[in-house]
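What the coordinates show
Single-letter residue listing:
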Amino acid sequence: ILSGQAPEGVTSLAMIRGFLIANGLDTPGGVIGDFGYSFDASYATWAYENNAAKADALLSILATSSNDIFMIGKESIEVNYLSGEAAIPFKINEGANHSFGTIAQHSVAYDGQNIYMLAVLGGSRQIIRLVGGRTPQLIGFPVSVPFDAITDVSGVQGFIMGFLGRSFYVLTLPTAVLTSA
């Protein structure tokens, strides 16, 4: 993205129906929780919205097959959808928002139906599955090392792996030398 209007500090991109969506700050005077979007073919013109659920830093933006856009922050998840209106193309689906986010940006993975991520709930680290992108479900962490004792989650990677017709969420914790599936 090489436009003077483009957001700064982008670490996550998503495409949905021709819109390129990016986290990062509008310049000048951007606010934590901003996201930018561009609909023109050269991506030279950008507009900005704010994560209204909670203005926390957006770590991951995920566009789903049902045309929802999940704005995943450190402390909240805001779900938007395409409104069809030219002036305000995104609307918030307030009933789908969550009061938790992810502590590890690259732990977020989508299998076409469910969203998985590493989160903190009730003061404890958990693997969360948003069933159908909506209902949170805790996933057990099947290792003998206490998960909360892992202090560095900066290198965490989550991804979906298919095997014999089944999908698995795999989470690697390289600083702890652990992999969970």
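Our subject is the structure listed above.
Residue indices follow the written sequence of each chain, beginning from 1 at its first position. In keeping with the predicted nature of the model, local features appear solely for residues at pLDDT of at least 70, side-chain atom pairs appear and are counted solely at 80 or more, and the whole-chain, interface and lining totals rest on all residues. Calculated side-chain values reflect all of the structure's heavy atoms, with hydrogen atoms and water omitted.

So, on to the sheet that holds strand β5 (residues 58–63). Strand pairing follows a simple DSSP-based rule, namely that at least 2 bridges must link the two strands. Numbering of helices and strands runs from the N terminus; a helix is a DSSP stretch of H or I covering at least four residues, while a strand is a stretch of E covering at least two. On the basis of which strands lie adjacent, the open sheet formed by 4 strands has the order β5-β6-β7-β8 and antiparallel pairing. Each having just a single partner strand, β5 and β8 (90–92) make up the two edges of the open sheet. Taking each pair of neighbouring strands and ignoring which way they run, the sheet shows an average axis angle of 25°. Here strand β6 (residues 68–73) runs beside strand β7 (residues 77–82); their pairing, made up of 5 bridges, is antiparallel. Along β7, the bridge assignment pairs M71 with E78. Axis geometry follows a simple rule: fit a line to the C-alpha atoms, using only the stretch in contact for helices, then measure angles between N-to-C directions, giving values from 0 to 180 degrees.

Right, let's talk about the nonpolar core for a bit. The biggest cluster of nonpolar side chains holds 13 residues, and the ones touching the most others in it are F70, I72, I77, I115, M117 and L130. Counting residues per element, the ones that place at least two in this core are β6, β7, β10 (115–121) and β11 (124–131). No other element matches β10, which puts 3 residues into this core. It only takes one pair of heavy atoms within 4.5 Å for two residues to be counted as in contact. Apart from residues lying up to four places away in sequence, F70 is in contact with S60, I61, L62, T64, I77, E78, V79, I115, L130, G133 and R134. Buried residues of nine kinds, namely Ala, Val, Leu, Ile, Met, Phe, Trp, Tyr and Cys, make up a nonpolar core once their side-chain atoms join them within 4.5 Å. Each residue gets one of three labels from its accessible area relative to the maximum for its type: buried under 20%, exposed over 50%, partly exposed in between, using a 1.4 Å probe on protein chains only. Counting residues in each nonpolar core, the second largest holds 12 residues, with A14, I21, F35 and I69 among its members.

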